[in-house]
Amino acid sequence: MEIFGIPAQALYGQLALGLVNGAFYALLSLGLAIIFGLLNLINFAHGAQYMLGAYVAWMLLSYLGIGFWGALVVAPLVVAVLGMALERGLLRYLRDVDQIYGLLLTFGVALILEGLVAQSYGWSGMPYANPLPGSVDLGFMRMPMYRLVAIAISLVVCLAVWIAIERTKLGAYLRAASEDADMVQAFGVNIPRLIMLTYGFGVGLAGLAGVVAAPVYQVSPAMGSNLIIVVFAVVVIGGMGSIAGSVIAGFGLGLIEGLTKVFYPAASTTVIFFIMILILIFRPSGLFGSTR
Amino acid sequence: MTADTAMLSVRDLHAWYGESHVLHGMTLHVGRGEVVTLLGRNGAGKSTTMRAIMGLMKKRSGSITYEERETITLPPHRIARMGIAYCPEHRGIFSRLDVQENLELPPVIGADPLTLDRVQAMFPRLVERRHSPGTKLSGGEQQMLAIARILRTGARFLLLDEPTEGLAPIIVKQLGEIIASLRTIGFTILLVEQNFRFASGFADRHYVVEHGRVVDEIAAGDLAAGSERIRAYLGV
């Protein structure tokens, strides 16, 4: 069977691959959006924190024998705690200065983290065993079992985070503080603590994405910096600080990338940046962003 | 009112926006159960005084005691938890929260708060519009919401910054009745107001603020004599 002169199998295959990439874009841009919303910080360490999640999973397996599912819980917590220490120790002091300082600081942190990991484990990647080998027959195509699970984990986590932000009291504090943190603090909410926890939560999501990515891609020091530039484009397209926008844009752009690979492979690595340029020209606040 | 028995005492308060020195030794006292207003021209430092009391001015010095505890070094959330609630001039209604979420956002910080039912009975319009985004309300409704949501926190001391600003006369009249009724149920209120006629309806005392300090104090009883002076200060 062919669709637009393309074998259906190839099309489905690339779409599936696009969805897997989209799952990571969504998890990473979601964390960035939450952090940007409250801290007004462009967290350039996000890719390194994603990489750290993958390495923590690898270390848990290699040194402690803790497998994938254990790492899925423990590694994001480790990354979150490290993130909160970073917020307490450094980022807190940049609250009142231009956001370029936060961007530069986190960029520096990213370089240091990458360097430290490369120093210990080398620049070349290490494999992480696939916890769910085998594949599933979806009727129209066969899909590796683990990739299907990776998409499902991302979808479930994104949905849970969205509900937590839109439907709970803590989420209401977060939404309100993203608009006017002083006002919420004047109601008696401990905003410095909320900021620390929010940063921890956002980078914890990056750590989680890293764990999920470990079996798909190799665990390598540069895995984050390769991805993060694309993820920033996703954030810009979805709208800075928009929760729903970051998730929808993440999955949507993963799919578009997959489609481009089928129809015009040469453009597949640039199509997202091309869309970003169009968005910046015609809708600078992003697809789901509010102008503020 | 003397400093010794005051619920809130502000002494020699200075505050800065960056390099700009805006409060130059504010001194004022508010006794338990009083309604006290700060009168003065735009830019005199009335709103800044409110923000400084709430801890929102990063650079401030002097002394602010609430129930005999010094708050000048405390962050805003600690000050709020002592029982002070703040309704800013811009009202601070959140657009990403609906009316009900706005109303229920502030945590309960004091013993014996007004129940949600009671607050909603005072402001029936907020029940009708509970699912609208907060900023889709009219100016008057937003002001009602901004006051309503601090009543159910259990705070006993209210800082109200120009609640009547930009509102229609009928709404101003309603607000006056609400503030008067808050007084009768025991709230202590410090009110910033440019509308002296509005404030004179229920206030116990008035401070006149100029250039970041108190320049005169007028008791409600002295109003006949005082209103000439106030007119001179306000230039109206």
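Residues numbered from 1 in each chain as written. Chains lettered and ligands numbered in written order. Predicted model: local features only at pLDDT ≥ 70, side-chain atom pairs only at ≥ 80, totals over all residues. Heavy atoms only, no water.

Naming follows an unreviewed UniProt entry, where chain B appears as Amino acid/amide ABC transporter ATP-binding protein 2, HAAT family of Paracoccus solventivorans.

Selection criterion: UniProt positions are given in the numbering used here, feature names are shortened, and annotations may be inferred rather than shown by experiment.
Per an unreviewed UniProt entry, the recorded name for chain A is Amino acid/amide ABC transporter membrane protein 1, HAAT family, and the organism is Paracoccus solventivorans. A UniProt comment under Sequence similarities (unreviewed entry) is attached to chain A, and it reads "Belongs to the binding-protein-dependent transport system permease family. LivHM subfamily." As recorded by UniProt, the Subcellular location (unreviewed entry) comment attached to chain A reads in full: "Cell membrane".

**As for the overall build of chain A**
To keep it simple, the criterion reads: The helix count covers DSSP runs of H or I at least four residues long, the strand count covers runs of E at least two residues long, and both are numbered beginning at the N terminus. Working definition: with a 1.4 Å probe on protein chains only, accessible area under 20% of the residue-type maximum means buried, over 50% means exposed, and in between means partly exposed.
Looking only at helices and strands, one finds 10 helices and four strands in chain A. Listed N to C, the secondary structure of chain A is β-β-α-α-α-α-β-β-α-α-α-α-α-α in terms of helices and strands. Referenced to the eigenvectors of the C-alpha coordinate spread, the extents of chain A come out at roughly 65 × 50 × 35 Å. By residue count, 54% of the 292 residues in chain A fall in the buried class.

**With respect to unusual backbone geometry**
Residue and element names in this part refer to chain B. Of note in the backbone geometry, Asp12 takes a positive phi value of approximately 50 degrees without being a glycine. Along the chain, Asp12 falls in strand β1 (residues 8–17). Here Glu68, not a glycine, exhibits a phi torsion of approximately 70 degrees, which is positive. Within the element layout of this structure, Glu68 appears in the loop between β4 (59–66) and β5 (69–70). Owing to a relative accessible area of 69%, Glu68 belongs among the exposed residues under this scheme.

**Topic: the pattern of salt bridges**
Heads up, the rule is: Every case where a carboxyl oxygen of Asp or Glu lies within 4 Å of a side-chain nitrogen of Lys or Arg is listed as a salt bridge.
Evaluated as defined, the whole model comprises 15 salt bridges over all chains. Asp182 of chain A is the partner of Arg51 of chain B in a salt bridge, and the nearest nitrogen-oxygen pair spans 4.0 Å. One end of the pair, Arg51 of chain B, is in helix α1 (residues 46–53); the other, Asp182 of chain A, is in helix α6 (residues 169–186), on a second chain. What you see here is one network of salt bridges that share partners, running through Arg125, Glu128, Arg129 and Glu141 of chain B.

**Quick word on the interface of chain B and chain A**
Size of an interface, as often reported, equals the accessible area lost when the parts are brought together. We apply this condition: Throughout, a contact is declared for two residues whenever any of their heavy atoms are within 4.5 Å. Defined here as a combined quantity, buried area equals the accessible surface (1.4 Å probe) lost by two parts on assembly, summed across both. Nitrogen and oxygen atoms within 3.5 Å of one another constitute a polar contact, given that in protein one can donate a hydrogen and the other can accept it, and given that sequence-neighbouring residues count only through two side-chain atoms. Residue classes follow a fixed rule: Ala, Val, Leu, Ile, Met, Phe, Trp, Tyr, Cys and Pro count as nonpolar, while Asp, Glu, Lys and Arg count as charged, and any other residue, Gly among them, counts as polar.
In this assembly, 27 residues from chain B lie in contact with 22 residues from chain A. Both sides together, the interface formed by chain B and chain A hides about 2,000 Å², and carbon and sulfur atoms give 58% of it. With its nearest N and O atoms 2.8 Å apart, the salt bridge here joins Glu101 of chain B to Arg175 of chain A. Our enumeration of links across chain B and chain A arrives at nine residue pairs in polar contact (both at pLDDT 80 or more). Secondary-structure elements contributing two or more residues to the side of chain B that touches chain A are α2 (76–81), β6 (84–87), α3 (99–104) and α6 (139–151) of chain B. A total of four residues in the side of chain B that touches chain A trace back to one element, the largest contributor, which is α2 of chain B. Taken together, the residues that form the side of chain B that touches chain A break down as 16 nonpolar, four polar and seven charged.

**Thoughts on helix α7 (residues 191–213) of chain A**
Residue and element names in this part refer to chain A. For clarity, the threshold we go by: To estimate how far a helix should extend, the number of its residues minus one is multiplied by 1.5 Å.
With 23 residues, α7 extends 33 Å between its outermost C-alpha atoms, agreeing within 8% with the 33 Å of an ideal straight helix rising 1.5 Å per residue. For α7, a buried count of 19 out of 23 residues is recorded, marking the element as mostly surrounded by other parts of the structure. The residue sitting at the N-terminus of α7 and contributing the capping side-chain oxygen is Asn190; that oxygen lies 3.2 Å from the backbone nitrogen of Arg193.

**Focus: the domain arrangement of chain B**
Residue and element names in this part refer to chain B. Threshold: In this document the domain limits rely on a domain assignment from an automatic tool or a database.
Segmentation of chain B into domains returns domain 1 (1–83 + 156–163 + 189–236) and domain 2 (85–155). Measuring from the centre of the C-alpha atoms in domain 1 to the corresponding centre in domain 2 gives 24 Å. With 16 residues of domain 1 at the contact, the number on the domain 2 side is 15 residues. Approximately 1,300 Å² of surface area, both sides summed, lies buried where domain 1 meets domain 2, with 56% of it carried by carbon and sulfur atoms. Inspection of the domain 1/domain 2 interface yields zero salt bridges. Contributions of two or more residues to the side of domain 1 that touches domain 2 are made by α1, α2 and β7 (157–161). Looking at which element gives the most residues to the side of domain 1 that touches domain 2, the answer is β7, with five residues.

**Details of the side chain of Glu34 of chain B**
Residue and element names in this part refer to chain B. Within the element layout of this structure, Glu34 appears in the loop between β2 (20–30) and β3 (35–39). According to the relative accessible area criterion, Glu34 is buried, its value standing at 12%. A distance of 2.8 Å separates the side chain of Glu34 from the backbone nitrogen of Gly31, its partner in a polar contact. Reaching out from Glu34, the side chain makes a polar contact with the side chain of Arg205 at a distance of 2.7 Å.

**What about the sheet that holds strand β8 (residues 188–192) of chain B?**
Residue and element names in this part refer to chain B. Note the threshold: Pairing between strands requires that DSSP locate at least two bridges from one strand to the other. A fitted line through C-alpha atoms serves as each axis, taken over the contacting stretch for helices, and the angle formed by two N-to-C directions is quoted from 0 to 180°.
Here we have six strands laid out as an open sheet, ordered β6-β7-β8-β3-β9-β10, and mixed in their pairing. In the strand order of this sheet, the two ends are held by β6 and β10 (213–219), each with one partner. Here the average twist between neighbouring strands, direction ignored, is 20 degrees. Here four bridges tie β6 to β7, and the two strands are oriented parallel to one another. Residue pairing for β7: Ile84 is matched across the bridge by Phe157.

**So, the packing of helix α1 (residues 8–39) of chain A against helix α5 (residues 145–167) of chain A**
All names here are of chain A. Spelled out, the test is: Oblique is the label for every angle not falling under 35 degrees (roughly parallel), over 145 degrees (roughly antiparallel), or within 65 to 115 degrees (roughly perpendicular). Note on convention: near helix rotated counterclockwise from far helix by under a right angle means a left-handed crossing. Clockwise means right-handed.
Their axes nearest at 9 Å, the elements α1 and α5 cross at an angle of 30 degrees. Taken together, the axes of α1 and α5 lie roughly parallel to each other. Classified by chirality, the crossing of α5 by α1 is left-handed. Only Arg147, Ala150, Ile151, Ser154, Val157, Cys158, Val161 and Ile165 of α5 make contact with α1, whose side of the interface consists of Ala16, Leu17, Leu19, Val20, Ala23, Ala26, Leu27, Leu30 and Ile34. Considered class by class, the residues forming the contact of α1 with α5 number 15 nonpolar, one polar and one charged.

**Remarks on the sheet that holds β1 of chain B**
Residue and element names in this part refer to chain B. Taken in spatial order, the four strands make up an open sheet running β2-β1-β4-β5, and their pairing is antiparallel. Lying at the two open borders of the sheet, with one neighbouring strand each, are β2 and β5. Pairing between β4 and β5: two bridges, direction antiparallel. Each residue of the ladder has a partner; that of Tyr66, found in β5, is Arg69.

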